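One letter stands for each residue in the lines below.
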Amino acid sequence: MRRLLLSLAVGLAGAGLVHIAVVFLIPSAAPASAWSRIREVSEPFQLRRLDNSGIVYDADPLFKVAACRFDLRRGPLRIRATGNVPFWSVAIMDAQGRTSWSINDRNGTDDDLDLMVVNRLQEIEIRRETPPGLASTVFALFNDDEGIAILRIFHPDDSYAPVSDNFLKSVSCEPF
């Protein structure tokens, strides 16, 4: 009876260790993350379309999606776009894929997109001297140096293609 209990305990402990090892190995064995795929195909401050690109596997077909990778060591990111799309949203994500900040046209200052992503020091410097033209700019505080801004535009059907495409063509993703 003792041997049976000892065998069960050793078996359960071994199964537990194997389970823990598998959990820790999943990130290295999983396919590349969206961050790493975007990083491979784009430079910082370059807008990259993601819908129908194969970079993001589970993109919603009702949205046009674009990404702008940024590096705050090169300066704050300023994203601007104009147009009258039914809905737009921007999510600021870190290298681990966590959304740290987001905005959409419902809670922005107007229908146009005018967003600046800054770290704490850059925010202090900009607000100290507030350059002209930043009155309606929304500031997003970001704690890391590198990240991705994901822009999503609602595109309910193909009749919206000219509106969506014009909005995407108007997007500027550049250092300030």
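Residues numbered from 1 in each chain as written. Predicted model: local features only at pLDDT ≥ 70, side-chain atom pairs only at ≥ 80, totals over all residues. Heavy atoms only, no water.

Visitor: Looking at this structure, I do not really get the confidence of the model for the protein chain. What am I missing?
Guide: Any residue range with low pLDDT should be treated as having predicted coordinates unsuitable for detailed reading. Counting all residues, the mean pLDDT for the protein chain is 84, and 89% of those residues have values of 70 or more. Within the protein chain, helix α2 (residues 34–41) has the poorest average pLDDT of any element, 75, and strand β3 (residues 77–81) the best, 94. (pLDDT = per-residue confidence, 0-100. Helix = DSSP H or I, 4+ residues; strand = E, 2+ residues; numbered from the N terminus.)

Visitor: Whenever I open this one, unusual backbone geometry confuses me. Can you help?
Guide: Leaving glycine aside, a negative phi is the common case for residues, and trans is the common case for peptide bonds. Unlike most non-glycine residues, Phe45 shows phi in positive territory, near 65 degrees. Along the chain, the position of Phe45 falls in the loop between α2 and β1 (46–49). Given a relative accessible area of 13%, Phe45 falls into the buried group. (Buried < 20%, exposed > 50% of the residue type's maximum accessible area, 1.4 Å probe, protein only.)

Visitor: Teacher, can you tell me more about the sheet that holds β3 here?
Guide: Two orientations exist for strands paired in a sheet by backbone hydrogen bonds: parallel and antiparallel. If you walk across this open sheet you meet the 4 strands as β7-β6-β3-β9, and the pairing is mixed. Of all strands in the sheet, those with a lone pairing partner are β7 (138–141) and β9 (172–175), marking the two edges. If you compare each strand with its neighbour and ignore which way they point, the axes differ by 20 degrees on average. Here strand β6 (residues 113–118) runs beside β7; their pairing, made up of 4 bridges, is parallel. Residue pairing across strands places Val118 opposite Leu141, the latter belonging to β7. Sheet strands in contact with helix α3 (residues 120–129) are β6 and β7, and its direction is about 120 degrees off that of β6. (Pairing = 2+ DSSP bridges. Axes fitted to C-alpha atoms, helices over the stretch in contact; angles between N-to-C directions. Contact = heavy atoms within 4.5 Å.)

Visitor: Would you mind showing me how to read the pairing of β6 here?
Guide: Where a strand is regular, its side chains alternate between the two sheet faces. Burial of β6 is extensive: 6 of the 6 residues sit out of reach of the surface. Burial along β6 is two-sided: the residues Leu113, Leu115 and Val117 and Asp114, Met116 and Val118 are all buried. By the bridge criterion, 5 bridges tie β3 to β6 in an arrangement that is antiparallel. Looking at the pairing, Arg80 lines up with Asp114 of β6. Between β6 and its parallel partner β7, the chain crosses via α3, and the hand of that crossover is right-handed. (Right-handed = clockwise from strand over helix to strand, strands pointing away.)

Visitor: Help me understand the sheet that holds strand β5 (residues 99–104) in this model?
Guide: The antiparallel open sheet is built from 5 strands, whose spatial order is β1-β2-β8-β4-β5. Edge positions in the open sheet fall to β1 and β5, since each of these has one partner strand only. Each adjacent strand pair in this sheet contributes to an overall mean axis angle of 20 degrees, direction not counted. Summarising the sheet, strand β4 (residues 88–93) and β5 pair through 5 bridges and their orientation is antiparallel. Bridged to Val90 within β5 is Ile103. Contacts from helix α4 (residues 161–170) reach β1, β2 (63–71), β4 and β8 (146–154), with the element oriented near 155 degrees to β8.

Visitor: So what exactly am I meant to see when it comes to the pattern of salt bridges here?
Guide: Here the idea is simple: oppositely charged side chains can pair when their charged atoms come close. The final tally for this structure, using the stated rule, is 11 salt bridges. The residue Asp105 makes a salt bridge to Arg106 at a minimum N-O spacing of 2.6 Å. The buried category is assigned to Asp105, whose relative accessible area is 9%. The exposed category is assigned to Arg106, whose relative accessible area is 57%. Across the salt bridge formed by Glu123 and Arg120, the nearest N and O atoms sit 3.0 Å from each other. Placement of the pair is Glu123 and Arg120 together in helix α3, with a separation of 3 residues, close to one helical turn. The exposure class of Glu123 is buried, given its relative accessible area of 15%. Each of Arg69, Asp71, Arg73, Asp145 and Glu146 takes part in one network of salt bridges that share partners. (Salt bridge = Lys/Arg side-chain N within 4 Å of Asp/Glu carboxyl O.)

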